[in-house]
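# Notes for the structure review
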Amino acid sequence: MAVRWLCSLFGKPFDGGKRMDHGGTQQQQQQPPPPSMEQQYPPQHPAMMRLYEVHKEVTSLGPQVCTFSGLQNDRDYKRLERDLTRLLLEVDQVDTEGKMELQGARKRAAQEVEGLLRYLEENATHPSRLAIEELSNEARRLIDQRVVVPQRSGGVAEIDDELVESLQQLVLRLTQVKTEGRVPLRKARYRALTRLCAVQDVMEGRTQQQTLSLPLSGETHAAVHCINQVMAKVSVARSQLVALLMGLSGRDSCAHLSRLLMEMQVELDALDVSGNAAIRNYRKQVVEEINGLLKHLDLEGEGEDTRRYDLAQNNSIREIEAVRAHVSHLREGVLRHSMMGELGFRPKAELQSLLTHLDQVETAKNPCIREARRRAVVEVQAIITFLDLREALVCRQPGPGEHPSHRAVWLVLGSLSDLQAQVLGFDGKRADKSYMMLEELLTKQLLTLDAVDPQGDEGTKVARKQAVKFAQNILNYLDMKTDEWEY
């Protein structure tokens, strides 16, 4: 292995000292071969031994660099940068004795180290990584102001619809951050999303708890006072968990909070609530509340498992992608038969069954999986509406007394049907001329509809409103196909 790698440094193939004749058979060399690179500079050569040691260290650091998802001020970043810089200096100090071959090997070793340094810096300073951090900081400021500070000052955190909506907007903005398929950026986005979604879950649990007619009166049962005390501790633990998830916990740790919650469970288990169903249910509810908090305490290591942050390996995403592949096949068939004027191919029932299938896909409250499912649903619905409009255009039989404005709306719908066929078959980017042409033509149809005067005809008013909505849906679908979204 060492010889093969050293040869690769020199850019020479390793052939074992044998040569192939024109017939493809091995032939011993007739003339003494010139000294090979290994013979000139064997692995025992000081320069080669040092370069090989550098290569071993680079090999061990490579996976760490390729999965590092932090920023330049992180401790691990500084450690990796320091180690790689040290290796670069050591490569530069290798004595090549003025030999061009050794100089080439040293140069390639230096390039290998420089490549890792560059990759490390690019990911830590990438605009998407900075955008993820800014959204995370925005979430921290919001949680600190509305939850953590009031709790620490002895007050009560105010959790309302405004706070829940603000958190949801931050989640949506995080899902829209582009990662370009880079593992470090995917990992950073996933870690930020999982923490924010966990905070949402905790908030939802607390909101529901505030609406319950609990705690019960201590006069009801001797154990109620103890359960009430535990419930008060759970309320404090909930705010501590939110602070931990958002990095606002100070000296607290997940292990410490987990230990406290487990002690609460032991305290509840020791209570004698036999013979009173209401008290048993009360205790059960508080235990479930504790379990709900405990499940979020494993997020410190979240994102280390590739299957978690690389959603291409997620079973739900795979299921959605399988549906999308089927939809793509059906779409091609629909467009092909439509171009030939054939209406016999109408896989509407099959498309409806795919919608049902998508509705049953488990999203695990993951916003990226939710969005992937939503987009797949839109793709199915676009084909169904196309089939429905085509059928309506074919079956349409206008009477002699049809209102002129109503006829004008149907003419626009005919044009929209043709444009939708092009949009369904479009596979490009927003910078493409075909995209801009489709966008312009759809906008013109909207302007044409806007110019239609219903002249008091109610049927025309309804038809024009539906046609406008239809045109806007086609535009939205075109935008969705070209927004370069990724999960």
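See the structure printed just above.
Residues numbered from 1 in each chain as written. Predicted model: local features only at pLDDT ≥ 70, side-chain atom pairs only at ≥ 80, totals over all residues. Heavy atoms only, no water.

## Topic: the packing of aromatic side chains
On inspection of all chains with the given rule, the structure shows two aromatic pairs. Each ring, one from Phe68 and one from Tyr77, has its centre 5.9 Å from the other, and the planes form 45 degrees; the classification is tilted. For Tyr77, a relative accessible area of 3% gives the class buried. (Phe/Tyr/Trp six-rings, centres within 6.5 Å; stacked < 30°, edge-to-face > 60°. Buried < 20%, exposed > 50% of the residue type's maximum accessible area, 1.4 Å probe, protein only.)

## A few points about the packing of helix H15 (residues 367–395) against helix H18 (residues 458–482)
The geometry of H15 relative to H18 is characterised by a closest axis approach of 11 Å and an angle of 140 degrees between their N-to-C directions. Between H15 and H18, the angle is such that the two are oblique. Crossing hand, H15 versus H18: left-handed. On the side of H15, the interface is formed by Arg374, Arg375, Val378, Glu379, Ala382, Thr385 and Leu389, while H18 contributes Phe470, Tyr477 and Met480. (Axes fitted to C-alpha atoms, helices over the stretch in contact; angles between N-to-C directions. Helix = DSSP H or I, 4+ residues; strand = E, 2+ residues; numbered from the N terminus. Parallel < 35°, antiparallel > 145°, perpendicular 65-115°, else oblique. Left-handed = near helix turned anticlockwise from the far one by under 90°. Contact = heavy atoms within 4.5 Å.)

## Quick word on helix H11 (residues 277–294)
Because each turn of an α-helix spans 3.6 residues, side chains separated by three or four positions end up pointing in the same direction. Compared with the 26 Å implied by 1.5 Å per residue over 18 residues, the 25 Å span of H11 between its first and last C-alpha is a close match. Burial in H11 covers these residues: Ile279, Tyr282, Arg283, Val286, Val287, Glu289, Ile290 and Leu293. Looking down the long axis of H11, one finds its buried residues gathered within 150 degrees of arc, a one-sided arrangement. (Expected span 1.5 Å × (residues − 1). Arc of directions from axis to C-beta.)

## Some remarks on unusual backbone geometry
Of note in this structure, Glu97 is not a glycine but carries a positive phi near 55 degrees. The exposure class assigned to Glu97 is partly exposed, which follows from its relative accessible area of 47%. Of note in the backbone geometry, Gln455 takes a positive phi value of approximately 50 degrees without being a glycine. Secondary-structure assignment places Gln455 in the loop between helix H17 (433–451) and H18. A residue is classified by how much of its surface remains accessible, and Gln455, at 55% relative accessible area, is exposed.

Spatial relationships are all this shows, so hold off on functional conclusions.
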